[in-house]
Amino acid sequence: MAFGGLFSTDIAIDLGTANTLIYVKGKGIILNEPSVVSYHVKDGKRQVLAVGEDAKLMLGRTPGSIEAIRPMREGVIADFDSAEQMIKHFIKKVFKRTTFSKPKIIVCVPHGATPVEKRAIRQSVLSAGARKAGLIAEPIAAAIGAGMPITEPTGSMVVDIGGGTTEVAVLSLGDVVYARSVRIGGDRMDESIINYLRRNQNLLIGDSTAERIKTSIGTARMPDDGRGATLMVRGRDLLNGIPKEIEISQAMIAEALTEPMQSICEAVMVALESTPPDLAADIVDRGVILTGGGAMLGELDLALREQTGLSISLADQPMSCVALGTGKALEYEKQLRHVIDYES
């Protein structure tokens, strides 16, 4: 153990497309903010203006001199510098005072990330000030966070629906038996809602409005009365270009979300097909656990249950499962040594 290790606090980061969560060893989840950075651009030079919650309010509402960027796309880094600035800022926010040494950081990456994408994440964490950076596969972290017995020789299936990716994985003996990462998540659902309203209602809405619709009346299956709850939505009329307000119902949203839902169901079905029969038997017995922010979509568990016939349950705190799991991997590093990857 290096002398520097005495003073440093190890942290685990869930670097998500939509939200970044930071878990501090011995303290739990301390920070949960949107993954957004906003810059003030002057003479081609970018200065960081705000990060997280404050920057998210600026998305889609910025003047020419300010740009708001989401550095993560589909679970991996799209804008390297912004991601680094963001991680730096969040780490600084967690450690109010200046610590003596650099922390050891564990970050989770989607299972489907390419080696190049993994290296980008590792590099940006190291240059943001980590002593060493470990990577852990997101489905494993999600399963640990949801409290599944992943070290036992039984199959557990976890479906983690994040902002950019949906990870479907079957785990046994503490590692991945089969995993599939589909680049569909909360963002894709928002896009589907935008496209649907543009096509069917001639209404143009922004990302933040779409997200508000999804969180307030979003549903994965048709409401029983064929209409469901309604919500007033404001946007721009495409016919005459004037802002207007219309009422939309849950039935419309269910219809808008059929495509992303199909893809998620399909990923689950393919995972079940590719699972060895004994593990598949365990999954029928145990059921599937949903984690991630996207799992909070209304009626999602019911829709998946209708499609697959399995018992499907929602984790306790779906949003923070991955961060909790990554944090647990930090606390019990000895037992989970083989799932954390420090090299490459």
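On a predicted model such as this, the values are computed, not experimentally measured, just so you know.

**With respect to the domain arrangement of the chain**
Taken domain by domain, the chain comprises domain 1 (11-35 + 70-140 + 321-341), domain 2 (147-184 + 260-318) and domain 3 (186-257). Summarising the inter-unit geometry, the C-alpha centres of domain 2 and domain 3 are found 27 Å apart. Every contact between the two is made by 15 residues of domain 2 and, on the other side, 12 residues of domain 3. Approximately 1100 Å² of surface area, both sides summed, lies buried where domain 2 meets domain 3, with 62% of it carried by carbon and sulfur atoms. The tally of links from domain 2 across to domain 3 stands at two salt bridges. For the salt bridge of Arg 221 with Glu 299, the shortest nitrogen-to-oxygen distance reads 2.9 Å. Taken together, the links from domain 2 to domain 3 amount to nine residue pairs in polar contact (both at pLDDT 80 or more). Secondary structure elements with two or more residues in the side of domain 2 that touches domain 3: helix H8 (258-273) and helix H10 (300-308). Of the residues that constitute the side of domain 2 that touches domain 3, the class distribution is nine nonpolar, three polar and three charged.

**A word on the nonpolar core**
Judged by nonpolar contacts, the single largest core of 43 residues is most densely connected at Met 157, Ile 193, Ile 205, Ile 213, Ile 248, Met 261 and Leu 300. Looking at which domains feed residues into this core, each of domain 2 (147-184 + 260-318) and domain 3 (186-257) gives three or more. When near neighbours in sequence (up to four residues on either side) are disregarded, Met 157 contacts Met 148, Val 168, Ala 169, Val 170, Val 268, Ala 271, Leu 272, Ile 283, Gly 287, Val 288 and Ile 289. Counting 28 residues, the second-largest nonpolar core is a separate cluster that includes Leu 31, Tyr 39, Phe 95 and Val 109.

**Some details on the side chain of Asp 160**
Its location among the elements puts Asp 160 in strand S11 (residues 156-161). Summary of buried charges: Asp 160 has no salt-bridge partner, and the nearest side chain of opposite charge, Arg 183, is 13 Å away. At 3.0 Å, the side chain of Asp 160 forms a polar contact with the side chain of Thr 291. For Asp 160, the side chain forms a polar contact with the main-chain nitrogen of Gly 292, separated by 3.5 Å. In this structure, Asp 160 is in contact with Glu 138, Ala 142, Thr 165, Thr 166, Glu 167, Thr 291, Gly 292 and Val 322, ignoring residues within four places of it in sequence.

**What about the UniProt feature "binding site: ATP" (unreviewed entry) in the chain?**
Following the UniProt record, one finds the feature "binding site: ATP" (unreviewed entry) at Thr 17, Ala 18, Asn 19, Gly 163, Gly 164, Thr 165, Glu 211, Arg 212, Ile 213 and Lys 214. By secondary structure assignment, the location of Ala 18 is in the loop between strand S1 (11-15) and strand S2 (19-24). With a relative accessible area of 31%, Ala 18 lands in the partly exposed category. Not counting residues within four places of it along the chain, the set of residues in contact with Ala 18 comprises Glu 33, Pro 34, Ser 35, Arg 70 and Gly 163. A residue is classified by how much of its surface remains accessible, and Glu 211, at 28% relative accessible area, is partly exposed. Ignoring any residue separated from it by four or fewer positions in sequence, one finds Glu 211 in contact with Lys 56 and Asp 190.

**Description of the packing of aromatic side chains**
Using the criterion set out here, one finds zero aromatic pairs in the structure. When the ring centre of Tyr 39 is taken as origin, the NZ or CZ atom of Arg 46, which lies over that ring, is 4.2 Å away.

Conventions used here
- Within any chain, residue numbers begin from 1 and follow the written order of that chain's sequence.
- Per-residue local features of the predicted model are confined to residues with pLDDT of at least 70, and side-chain atom pairs are confined, for both listing and counting, to 80 or more; whole-chain, interface and lining totals are unaffected and use all residues.
- Where side-chain values are given, they derive from all heavy atoms of the structure, hydrogens and water being excluded.
- Delimitation of the domains relies on an automatic or database domain assignment.
- When checking whether two residues touch, look at their non-hydrogen atoms; a contact exists if any pair is within 4.5 Å.
- Buried area: the accessible surface (1.4 Å probe) lost by two parts on joining, summed over both.
- Salt bridges are defined by distance alone: a side-chain nitrogen of Lys or Arg within 4 Å of a carboxyl oxygen of Asp or Glu.
- Counting of polar contacts relies on pairs of N or O atoms within 3.5 Å, with two restrictions inside protein: one atom must be capable of donating a hydrogen and the other of accepting it, and residues adjacent in sequence are counted only when both atoms are side-chain atoms.
- Think of it this way: any DSSP run of H or I at least four residues long counts as a helix, any run of E at least two long counts as a strand, and we number them from the N terminus.
- Polarity classes work like this: nonpolar for Ala, Val, Leu, Ile, Met, Phe, Trp, Tyr, Cys and Pro, charged for Asp, Glu, Lys and Arg, and polar for all others, with Gly in that last group.
- Definition of nonpolar core: a set of buried residues of the types Ala, Val, Leu, Ile, Met, Phe, Trp, Tyr and Cys, connected through side-chain atoms within 4.5 Å.
- Summary of the burial criterion: residues with accessible area below 20% of their type's maximum are buried, those above 50% are exposed, and those between are partly exposed, where the area comes from a 1.4 Å probe applied to protein chains only.
- Charge convention: Lys and Arg are scored as positive, Asp and Glu as negative, and His as well as the terminal groups of each chain are ignored.
- UniProt positions are given in the numbering used here, feature names are shortened, and annotations may be inferred rather than shown by experiment.
- Whether two aromatic rings pair depends on their centres lying within 6.5 Å, for rings of Phe, Tyr and Trp, where Trp uses its six-membered ring; planes under 30 degrees apart make the pair stacked, over 60 edge-to-face, and the rest tilted.
- Each ring is checked for a lysine NZ or an arginine CZ that lies within 6 Å of its centre and within 35 degrees of its normal; such an atom marks a charge sitting over the ring.

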